[in-house]
Amino acid sequence: MWKAIFVLFMTTSQTPVSTVMGVFPQSFTSERACRAFVDLKKEEMGDAGDVLARVATSHLADPEFKLLNHKMSCVVDDSGDPA
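The structure presented is a predicted model; accordingly, all values stated were derived computationally and were not measured. (Residues numbered from 1 in each chain as written. Predicted model: local features only at pLDDT ≥ 70, side-chain atom pairs only at ≥ 80, totals over all residues. Heavy atoms only, no water.)

Student: So what's going on with the state of the cysteines? Which residues, and what values?
Tutor: With the rule as written, the count across this model stands at 1 disulfide. Between the sulfur atoms of Cys34 and its disulfide mate Cys74 the distance is 2.2 Å. On the sign convention where negative is left-handed, the bridge of Cys34 and Cys74, at about -105 degrees about the S-S bond, is left-handed. Remark: Cys74 occurs in strand β3 (residues 66-76) and Cys34 occurs in helix α1 (residues 31-45); sequence separation between them is 40 residues. (Disulfide = S-S within 2.5 Å. Helix = DSSP H or I, 4+ residues; strand = E, 2+ residues; numbered from the N terminus.)

And the structure:
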């Protein structure tokens, strides 16, 4: 099964570079279906960096928060189960 993931690379005033990963709840039987979903989500989100920086900043309440990069992709679980 394939899963769509979203990874954020960020810094804050309290920690070194951090990585946060989120997994969308949907599972896909093929990489093509997963990639189509990712492409649709990228289009829906627009400039995800700006959106996520605002959301994460409000949740972290850390004025030193900085989003370094982000990536949305697909991963597969070798066992055949959803990741």
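Read on, since the account is not over.
Student: Describe α1, listing the residues and the values that go with them.
Tutor: The first and last C-alpha atoms of α1 sit 21 Å apart over 15 residues, in line with the 21 Å expected at 1.5 Å per residue. Taken together, the buried positions of α1 are Cys34, Phe37 and Val38. The buried residues of α1 occupy one face: seen down the axis, they fall within an arc of 100 degrees. Residues of α1 that are exposed and angled more than 90 degrees away from the buried face: Arg32 and Glu43. At its buried positions, α1 is contacted by β1 (2-11), β2 (18-28) and β3. (Expected span 1.5 Å × (residues − 1). Buried < 20%, exposed > 50% of the residue type's maximum accessible area, 1.4 Å probe, protein only. Arc of directions from axis to C-beta. Contact = heavy atoms within 4.5 Å.)

Student: I'd like to hear about the pairing of β1, residue by residue, with values.
Tutor: Most of β1 is tucked away: 8 of the 10 residues are buried. In the sheet, β1 pairs with β2 via 8 bridges, with the strands oriented antiparallel. From the neighbouring strand, Phe9 faces β2, where its bridge partner is Thr19. (Pairing = 2+ DSSP bridges.)

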